[in-house]
Structures are given as C-alpha cells and as structure tokens.
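Chain residues, written in single-letter form:
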Amino acid sequence: MWTKIVGFSRAIHITDRIPLLLRTSRNCISRSFNTTKWLNTDDIAYDQIPVSRIRNFSIIAHVDHGKSTLADRLLELTGAITKTAGNKQVLDSLQVEKERGITVKAQTASLVYRYEGETYLLNLIDTPGHVDFANEVSRSLAACEGVILLVDANEGVQAQTVANFHLAKSKQLVIVPVLNKIDLKNARPDAVTQELFTLFEITPDQVLRISAKVGTGCEDILKEIVRRLPAPDPRREENFRALIFDSWFDRYRGALNLISVKDGEIRTGQEIVSCHTGKAYEVKSLTMLRPDERKVDRLVAGQVGLLGCNMRTSKESNIGDTLYAKKDKTCVPLPGFKPQQPMVFAGVYPADQSQHPYLKGAIEKLVLNDSAVTVTPDASPALGQGWRLGFLGLLHLDVFSQRLQQEYDAEPILTAPSVTYKIKLKGAKIIATHGGSEEILVSNPALFPDKMMVEEYYEPYVLGTIIAPTECTGPIIGLCVERRAVQKTSINIDNDRIMTTYLMPLNEIVLDFHDQLKSISSGYASFDYEDHGFVPSALVRMDILLNGQLVDELCTIVHISKAQSHARQLVLKLKELIPRQMVQIAIQATVGGKVVARETLKAYRKDVTAKLYGGDVTRRMKLLKQQADGKKKMRAIANINVPRDTFINVLKR
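Once a new chain begins, its residue numbering starts again from 1 and follows that chain's sequence as written. With the structure being a predicted model, the display of local features is reserved for residues of pLDDT at least 70 and the display and counting of side-chain atom pairs for 80 or more, all residues being used for whole-chain, interface and lining totals. Side-chain measures were taken over the full set of non-hydrogen atoms in the model, leaving aside hydrogen atoms and water.

Caption draft 1: Examining the overall build of the chain more closely. Counting from the N terminus, the helices are the DSSP runs of H or I reaching at least four residues and the strands are the DSSP runs of E reaching at least two. Of the regular secondary structure elements, the chain holds 14 helices and 35 strands. Each of the 653 residues in the chain was classed as buried or not, and the buried ones make up 54%. We call two residues in contact whenever any of their non-hydrogen atoms come within 4.5 Å of each other. Long-range pairs, those at least 24 residues apart, make up 70% of the contacts in the chain between residues at least 6 apart in sequence. Computed with the Shrake-Rupley method and a 1.4 Å probe, the accessible areas treat only the protein chains shown as cover for residues. Carbon and sulfur atoms form 50% of the exposed surface of the chain, whose accessible area is close to 30,100 Å². Only protein chains enter the accessibility calculation, which uses a 1.4 Å probe; a residue whose area is less than 20% of its type maximum is buried, one above 50% is exposed, and one in between is partly exposed.

Now the structure itself:
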C-alpha cells in the first residue's frame with residue numbers, strides 16, 4: 001500500500017501507475033495510483049505506533065451535510081485512496097446507500113498520517129445522519145475519544161445537529177466544530193458560526209471552515225485532530241479485553257467482529273471468550289480496515305480492527321459484548337453503550353410459505369449487521385407464519401426491507417407499522433393470567449385486552465425538535481396540534497429561523513408526519529425526536545366486522561379522538577379492495593361494540609327476468625321473490641371469501 005507523505009517538499013518518484021485490486025468481504029474496488037510523494041505503508045508496523053499517537057474519532061452531522069464527502073477527502077489526504085472519478089463516497093458501500101445518497105451504516109477506516117515528522121494512526125468512523133440510525137452513531141461514539149461536528153454553511157444548524165451534539169457531550173467527547181460547503185453561492189459562514197455560539201456556546205475561533213467537495217481546508221482538520229483530540233487511555237500491559245461495536249456476516253468466514261481493543265493485545269491463534277455467551281473461540285484472522293482489509297499479526301490496546309474467529313451463527317456475535325483472553329478465569333465487562341429501544345413495529349411475512357426458511361436466514365444475517373432490529377416470531381391466519389420486527393423509525397424499516405431484497409433476493413410482505421403500548425391491568429386473577437405482571441406491553445392489536453380488564457392505557461410519547469423558517473411557524477403549529485402534540489419550548493436561533501420542541505405521540509408521527517412537515521415548509525424544516533416514555537392515554541381497539549364476523553387481522557389500536565375518521569378511511573378502503581360476491585357484504589368498524597362506520601358492498605345481480613317476453617306482471621314478481629329468498633338463505637349459510645391479496649393490500653404500508 002502507498003500513502004502520501006504530508007509536509008515533504010521533495011517528491012519521491014515511483015512507477016507511473018501501480019494498479020491494485022482491493023478486495024473486501026463487502027465490495028471489490030479497483031483503483032490505480034498516480035505517482036509523486038507516496039510512502040510504502042506496508043512496511044509500517046501499526047502495533048509499534050505508541051498510544052500517544054493514536055486518535056479515534058467519528059464524523060457526526062445532520063443528513064446531507066457532507067460527512068461521506070469529507071471522509072473521502074481525509075482518505076485521499078492520507079493516501080488510503082486516490083482521487084479518481086470512481087472514488088466517491090467510498091465508505092458508503094451498500095447499494096441502498098448509493099441509491100438513496102444517505103449513510104445508513106457506520107463504516108471504519110484506519111488512516112496513517114505524518115505530522116511534524118511523526119507517524120499517527122487515525123481511526124475514522126463515518127456515521128449516519130438520519131435520526132432513525134442514531135443507534136449507529138451511539139455505537140460508534142463508544143469507541144471514540146472525540147468527534148468532528150460537521151455543519152452545512154448554507155443550511156446551518158439542523159435538528160439532528162442538536163441531537164448529535166448533546167449525544168457527544170453526554171459521553172464527554174472532545175468536539176471539533178467544522179463548517180462545510182463554504183464555497184457555495186448562498187453560504188453564510190458568519191451567521192452559522194453565530195448559531196453554534198447561540199445554541200452550543202462554541203466560540204468562533206474554534207470553528208474550522210472547509211469545502212469537502214473541493215478539498216479546501218481539509219488538511220487543517222487532520223492537524224486539529226492530532227492537536228485537539230486526546231489519545232485513548234488503554235493498558236497494553238494488562239490482559240486482553242476488547243469491545244465489539246459492530247459486526248457483519250461473511251458467507252465464508254462467518255460472523256466478523258469490529259473491535260476496539262481496550263486492554264492488552266491479541267494475536268492470531270490465541271483463544272478468546274465471549275462475556276455474553278461464555279463460548280470460547282480461536283482467533284483465525286486479524287485485519288485493519290484501510291478501508292480495504294489489511295492483515296496484521298496482532299492488535300494492541302488503542303487500536304480498532306476486524307476479528308474473525310469462526311462464529312458460524314449470527315446469534316453468537318453480540319454488539320456491545322466484551323471479548324477476553326481464555327487464560328483469564330473471570331471477565332469484567334467493559335462499559336459499552338446503551339442500545340436504543342425499537343419504536344416502530346411491523347409484521348414481516350414471506351410471499352409464499354415455502355420461502356419461510358430462506359427469509360428466516362436472511363433476516364438473521366441482516367440483524368447481525370443491524371443490531372437495533374428486534375425479531376419476534378408471529379403468525380397470522382391470513383398471511384401465515386412470519387415475524388414481528390421492531391425498528392427505530394420508518395426510514396429504518398424502509399432501508400431494512402430494501403436491503404432484504406437487494407442483498408438476499410428476498411420478497412417480504414411488510415404490514416403497516418405500529419407502536420408498542422403499555423397497559424396496566426386490574427384484578428389479581430387477571431394479573432395472574434398474564435404471568436403475574438401488573439403491566440404488559442402490546443404491539444399486536446389482536447392481543448389488546450378488553451377495557452374491563454384494564455386500569456390504565458399508556459402510549460409512547462417522544463420529545464420532538466423542529467427547526468424551521470419563522471414564516472412557517474403557523475402551519476407547523478397547526479400540523480402539530482392536529483397530531484395531538486403539546487408545545488414545550490420555543491427559541492429564536494436568529495431572525496429567520498426558530499427551534500421549537502413538542503411532546504407528541506409516537507403513533508402520530510410514524511407514518512407521514514415528516515413528509516407533511518417538509519411539504520408545508522417547502523423542504524426547509526428539519527425534525528428530530530427522542531424517546532420520552534409512556535404517557536396515560538384514552539386508547540380503544542377498533543374491530544372490523546364482515547357481515548357480523550370479526551376479522552382479527554384488520555383490528556387496530558387508535559386514540560378515541562381519531563376513531564371516527566380512521567374508521568371511515570378503513571371501511572372505504574375495504575369496500576374498494578374486497579371483490580364483489582354473490583351476497584351483499586356489510587363492512588362495519590366498531591369500537592366497544594358500537595358501530596362507528598359502515599359501508600355496504602353490493603352483491604352481483606343476475607337478471608332473472610331476462611327470459612320473460614311478456615305475460616302478467618305476477619310472473620316477474622314471482623321470479624324476483626324467489627331470487628330474494630335464495631340470497632337470504634345464501635347469506636345465512638355462506639362464508640365470505642376474502643382473498644389473501646386483499647389482506648396484503650390492506651395491511652401493508
């Protein structure tokens with residue numbers, strides 16, 4: 001591998017073009033290197049770099065503020081890649097990331113940087129910006145001592161910028177603020193610098209100004225990383241301990257673990273044990289990501305690397321777990337990170353039950369790579385055997401579904417997303433039948449208990465932060481009030497923008513709140529939320545009846561104030577989707593036994609009088625009466641045939 005020597009005035013001439021095929025377990029990238037000022041980093045002993053010259057840092061920012069572009073520039077400046085047309089967003093290796101233009105998976109690269117005659121090892125983690133992938137950010141910060149807080153000089157501070165700043169501050173990390181896109185025509189670096197001071201008390205002299213796209217000022221970031229960020233505090237003389245902060249599944253090598261070595265060292269061939277499972281493994285491979293995999297003999301405290309140890313099932317690798325040497329009899333787990341709880345749930349079913357085993361394997365492997373997803377077996381009379389999956393948000397659900405299709409050629413059916421409700425039961429007998437627990441969690445409407453059994457209903461609330469132009473305040477307040485939100489605070493960032501916080505039900509924002517917010521603000525508003533816990537609420541279960549027969553699959557949980565409108569929408573949709581049959585079908589939505597909405601699907605009508613060509617009117621009346629009696633009898637004994645496709649169209653998003 002060849003890396004650029006920063007700060008050398010004399011050029012070292014190597015062969016004009018050196019083709020190199022870089023292979024990783026996830027993607028293959030063909031690159032060729034231009035000459036001048038390159039140093040062979042294959043000869044660098046990474047494990048000999050002292051701890052004082054190691055820096056672990058992440059790049060955090062709001063969506064589309066240029067994290068991946070800045071990561072590309074840092075990779076180029078340190079010689080990890082060369083600047084070519086194909087080397088764009090190198091760390092965004094997933095197909096879904098390239099198609100959507102967003103980062104959904106934190107990626108790691110170890111950079112070798114020469115500063116003032118010394119060699120430094122910089123471990124970079126590029127993180128996602130969307131709120132639905134905050135779990136990736138939280139995991140990444142567990143392995144860092146500092147962060148680069150990137151802010152768009154054109155758009156200014158956004159909702160996720162605020163959330164990421166407070167997340168990094170809570171972990172006591174050193175923050176290096178950076179303004180990006182200063183070369184844009186409408187950039188306003190002075191105003192955005194003032195925003196940083198108003199919201200975070202960051203003084204203007206601390207803020208770096210760069211353009212990641214053209215490379216202006218990017219080398220100053222590398223210098224400031226060395227100067228400002230502290231070195232890790234590992235103990236190389238102690239026994240081996242490492243934190244797993246990411247993992248993925250390789251078809252040939254099993255589960256691969258990205259680890260941050262906190263104590264001691266690890267070599268190939270040594271035996272390690274998982275604190276979580278207690279299983280022992282032999283270390284088969286050790287590599288560093290640069291960003292391609294580079295084999296090393298050992299990893300020492302302070303380094304970040306990839307460890308393969310023949311974990312053959314995805315359940316054996318647990319993100320947040322501690323690995324330790326087998327010769328140690330006891331394990332003291334490392335302080336990891338608090339995993340975020342799923343907030344949105346959806347049912348996932350195979351299109352055909354014969355695909356159930358394949359879809360199960362695909363979900364298990366993908367969950368290894370995305371530990372924020374929870375999986376619970378589920379079954380539906382209409383859709384068959386499946387799973388109920390928990391996600392951090394709607395985009396998280398979308399991306400997971402798209403990755404199942406692209407990476408595993410699976411064709412899942414996803415039901416409409418819902419949230420988890422907490423229910424406080426009353427009566428000793430009722431509590432005993434539910435495992436002795438006074439409070440239960442319910443995410444499936446079919447399991448929603450009757451009101452006679454319940455003392456109090458609770459629904460999840462979130463604390464939402466909205467940053468928007470001042471002129472959009474009125475429509476945004478109207479939208480939030482419609483969604484049962486309560487305003488908590490309001491802060492004027494400057495003369496043009498305002499930051500407001502709302503306490504709002506999660507159920508009201510999981511579907512289309514973000515889309516409507518963008519629509520009424522012409523795309524200028526940004527939204528972020530954090531969990532606020534459960535709040536008492538007036539919830540009801542809405543049942544769907546077809547000719548008086550209850551259909552459990554179509555039951556929903558709604559707030560009592562929204563029951564009427566939701567019932568009207570659902571019965572109208574069912575009227576369109578259920579095919580007409582030989583009998584009339586009454587579609588009813590009921591709450592507590594009371595019908596709140598109804599539609600009637602007319603039966604096919606056969607013209608039994610078509611064969612008449614004259615005669616008395618009594619003959620016509622007789623035939624019509626016989627037809628009416630026959631339909632009445634059929635309605636009494638016939639079962640309504642609702643095709644599986646109808647359930648899919650109603651239940652899916």
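Caption draft 2: Local environment of the packing of aromatic side chains. Side-chain rings of Phe, Tyr and Trp (the six-membered ring for Trp) are treated as a pair once their centres are within 6.5 Å; stacked means planes under 30 degrees apart, edge-to-face means over 60, and tilted covers the remaining angles. Evaluation of the coordinates by the stated rule reveals seven aromatic pairs. Pairing Phe448 with Tyr457 gives two aromatic rings, centres 5.0 Å apart and planes at 15°, and the pair type is stacked. One exposure class covers both Phe448 and Tyr457, and it is buried. Their ring planes at 35° and their centres at 5.8 Å tell us that Phe527 and Tyr529 sit as a pair that is tilted. Of the two residues examined, Phe527 and Tyr529, each falls in the buried class. Taken together, the ring pairs in this structure connect Tyr113, Tyr115 and Tyr120 into an aromatic cluster.

Caption draft 3: Local environment of the sheet that holds strand S10 (residues 208-209). Paired strands, as defined in this entry, are two strands with at least two bridges between them according to DSSP. Spatially, six strands are ordered S6-S7-S5-S8-S9-S10 in an open sheet, and the strand pairing comes out mixed. Only two strands of the sheet have a single neighbouring strand rather than two, namely strand S6 (107-115) and S10. Pairing geometry for strand S9 (residues 174-180) and S10, over two bridges, is parallel. Each residue of the ladder has a partner; that of Leu179, found in S10, is Arg209. Only the stretch in contact is used when fitting a helix axis, every axis being a line fitted to C-alpha atoms; angles between N-to-C directions are given from 0 to 180 degrees. Where helix H6 (residues 218-228) meets the sheet, its contacts fall on strand S5 (54-61), S6, strand S7 (118-126), strand S8 (146-152), S9 and S10, and the angle it forms with S6 comes to roughly 85°.

Caption draft 4: Structural view of the pairing of strand S29 (residues 497-505). The buried count for S29 comes to nine of nine residues, which makes it a mostly enclosed element. Neither face of S29 is open: one carries Arg497, Met499, Thr501, Leu503 and Pro505, the other Ile498, Thr500, Tyr502 and Met504, and all of them are buried. When strand S27 (residues 454-469) meets S29, the two strands line up antiparallel, connected through nine bridges. By the bridge assignment, Ala468 is partnered in S29 with Ile498. Bridging between strand S28 (residues 486-492) and S29 involves six bridges; their strand directions are antiparallel. Of the residues in S29, the one forming a bridge with Asn492 is Ile498. The antiparallel hairpin formed by S28 and S29 contains four residues in its connecting segment.

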